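Residue-level listing of the chains:
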Amino acid sequence: MTLQDYLVIFRKNWVVIVICTLVAAGLSVAWTLTRTPTYEATTQLYVSVRTADSSSSDLYQGSNYAQQAVASYVDVVTTSVVLDEVISELGLDLTAAELADEIDASTPTNTVLINITVSDSDPSQSALIANTVGSVFIDLVENQLEKPADNSPARVQIDTVEPAIAPISPASPSMPKNIALGLICGVAIGIGIAVLREVLDTRIRSKSDLRAITDIAVIGTTIFNPDSAEHPLIAQAEPQSPSAEAYRSLRTNLQFLSAENPKKSFVFTSSSPSEGKSTTAANLAIVLADAGHRVALIDADLRKPRVAALLGVEGAVGLTDLLIGKVTYDEVLLKTGRKQLFVLPAGRIPPNPSELLGSIAMDHVIETLSSHFDYVIIDAPPILAATDAAVVGKKAAGVLLLAASGKTHRPELVSALEALNNVECDVRGIIMTMVPTSGPDSYRYSRTYYHASFDEAPKGSGHLNGEPIMGAVNS
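Not measured: the values here are computed from a predicted model. (Residues numbered from 1 in each chain as written. Predicted model: local features only at pLDDT ≥ 70, side-chain atom pairs only at ≥ 80, totals over all residues. Heavy atoms only, no water.)

Looking now at the pattern of salt bridges. Considering all chains together, one arrives at 11 salt bridges under this definition. A salt bridge links R410 to D209; the nearest nitrogen and oxygen atoms lie 3.6 Å apart. In this pair, R410 sits in helix α18 (residues 410-422) while D209 sits in helix α8 (residues 207-211), placing the two residues 201 residues apart along the sequence. A residue is classified by how much of its surface remains accessible, and R410, at 27% relative accessible area, is partly exposed. Since its relative accessible area comes to 15%, D209 is described here as buried. Of the charged contacts, one joins D321 and R348 as a salt bridge, the two residues approaching to 2.8 Å between their closest N and O atoms. Of this pair, D321 sits in helix α13 (residues 319-323) while R348 sits in the loop between β9 (341-344) and α15 (353-357); the two residues are 27 residues apart in sequence, bridging distant segments of the chain. Residue classification places D321 among the buried residues on the basis of a relative accessible area of 4%. The network of salt bridges with shared partners includes D201, R203 and R205. (Salt bridge = Lys/Arg side-chain N within 4 Å of Asp/Glu carboxyl O. Helix = DSSP H or I, 4+ residues; strand = E, 2+ residues; numbered from the N terminus. Buried < 20%, exposed > 50% of the residue type's maximum accessible area, 1.4 Å probe, protein only.)

This is how it looks when you write it as structure tokens:
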């Protein structure tokens, strides 16, 4: 993943990151408020060695001895010999072990100083215990541990250089520190959740996702239309909208795609249902007709046909009747409000769709229409739901595979490509559908458009095989 990928992840999941950050900060505040404040008081002792004279050698030896002794004295501070005396003097309701947990004795490196720090919920008590521990420790060392046998003064002398005083503010918990820690943890957790969601999310959301799966070119992108249920033919209803412009862009790419191929019959399919397959095929047929091309739109989805309903034509008789020889082209090719666009509905749903679509009769239908129309657009069922698309795909010039942004999963698209490749279908391109217009996965268009005025498409001959093409004219 690149830095740009992470930026996209953060942008898509910023709400999760913010929520995790606020929750973690709130929990740290709540935890801090429930903790009992602890105060720390520290007394500092200085260890020195008495020398007989002030010669440099004696001073040097005394200093070394003091440094060596200090390391041992630190461990003596928390022994029961010292703490039992402190408990007795102060009348504390603690054991030596419990009091030792409140005391920390340390010495800075290469010094003869001893720091005795006491933590307690009472600031005055912490200072009192620290000073008492210091005085008891001094008495123990000078009058017992280092006391010569002849009762002469102890060689080691310990002085209090910094007595403990009652602290004003608690040492812990620290509200600013805990809030900062909570914010850092919250951001880290939020980012972790965001990255995990992205890793576990197999839905295709961008062209980069498609490029990671296949090297087949993305020849077009269509915009998500929230009103597609009411106005699916956006290229007809709002010809100057960004959605219609997306279909015209797809039309341009399709023209380049088929520039060197005399056969311009394309099968539209997807990996799963509800990925915009029929809507894309119908809108593309409309913009192709608007550009002056003679277009035949075939509904080859003999399981759940939609083209007739989308174009507003009668679909009771259609492709299935033509394949079994019950009707002629003249009877089933229906002319729409666009003079260059003809629709071949699915007709009655047969019990054997795959057999009909794989028949020689279907070969003849595609060849005949391809010789009389500039483009033949074939709407086929989803490839993973039925083999129909693969069967028809071998007969056409190529297959266009649709993938819906935020809906199609990568394993589904991989399986769809494998299913088409297994029967040697020529997948000419991928069309990404339902791309949002806002957000990190949005498809951006310029705010300014050239409002093209389309000339009326030239009239076709109106004849097929020497016979007039008859059918209902619907807008």
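Let's shift gears to the sheet that holds strand β1 (residues 39-49). Strand order in the open sheet formed by 4 strands is β2-β3-β1-β4, with antiparallel pairing between adjacent strands. Sheet topology places β2 (103-106) and β4 (156-162) at the edges, where each strand pairs with a single neighbour. On average, each strand axis in the sheet is tilted by 25 degrees relative to the strand beside it, whichever way the strands run. Bridge analysis of β1 against β4 gives 6 bridges, and the strand direction is antiparallel. Bridging from a neighbouring strand, V49 pairs with V156 of β4. (Pairing = 2+ DSSP bridges. Axes fitted to C-alpha atoms, helices over the stretch in contact; angles between N-to-C directions.)

Reading across the sheet, the 8 strands line up as β5-β12-β11-β6-β10-β7-β9-β8 and stay open at both edges, with mixed pairing between neighbours. The strands lining the two open edges of the sheet, one partner per strand, are β5 (218-223) and β8 (334-335). By the bridge criterion, 2 bridges tie β8 to β9 in an arrangement that is antiparallel. Within β9, the position partnered with L334 by the bridge is V343. Of the strands in this sheet, β11 (398-404) and β12 (427-435) touch α18, which is tilted by about 170 degrees from β11. (Contact = heavy atoms within 4.5 Å.)

With that settled, consider the nonpolar core. Within the largest apolar cluster, 44 residues are counted, with the highest numbers of intra-cluster contacts made by L319, L344, V365, L369, I378 and L420. One finds A66, V82, L99 and I116 within the second-largest nonpolar core, a separate group that totals 36 residues. (Core = buried A, V, L, I, M, F, W, Y, C linked by side-chain atoms within 4.5 Å.)

Here we come to the side chain of S243. Tracing the backbone through its elements, the reader meets S243 in helix α10 (residues 242-257). Exposure remark for S243: the relative accessible area of 11% places this residue in the buried category. In contact with S243, not counting residues within four places along its chain, are I223 and I234.

Before going further, it helps to spend a moment on the environment of H293. Of note, H293 is situated in the loop between α11 (277-290) and β7 (295-299). When neighbours within four sequence positions are excluded, H293 is seen to be in contact with Q255, L288, Q340, D374 and Y375.

Two elements in contact, α10 and α11, have axes separated by 9 Å at closest approach and are oriented at 75 degrees. Classified by the interaxial angle, the pair formed by α10 and α11 is roughly perpendicular. Residue-level contacts link Y247, R248, L250, R251, L254 and Q255 of α10 to T279, T280, N283, L284, V287 and L288 of α11. Classifying every residue of the contact of α10 with α11 by side-chain character gives 6 nonpolar, 4 polar and 2 charged. (Parallel < 35°, antiparallel > 145°, perpendicular 65-115°, else oblique. Nonpolar A, V, L, I, M, F, W, Y, C, P; charged D, E, K, R; others polar.)

Here we take up the pairing of β11. Summarising burial for β11: 7 of the 7 residues are buried, a large majority. Alternating positions in β11 separate into two faces, G398, L400, L402 and A404 on one and V399, L401 and A403 on the other, with burial throughout. Where β11 lies against β12, 6 bridges are found, and the strand directions are parallel. Pairing of A404 across the sheet is with T433, part of β12. Crossover connection from β11 via α18 to parallel β12: handedness right-handed. (Right-handed = clockwise from strand over helix to strand, strands pointing away.)

It is the contact of helix α1 (residues 3-12) with helix α7 (residues 175-200), at a shortest axis distance of 10 Å, that shows an interaxial angle of 105 degrees. Between α1 and α7, the crossing angle belongs to the class labelled roughly perpendicular. Along its contact with α1, which presents Y6, I9, F10 and K12, the element α7 presents I191, A194, V195 and E198. For the contact of α1 with α7, the per-class residue count stands at 6 nonpolar, no polar and 2 charged.

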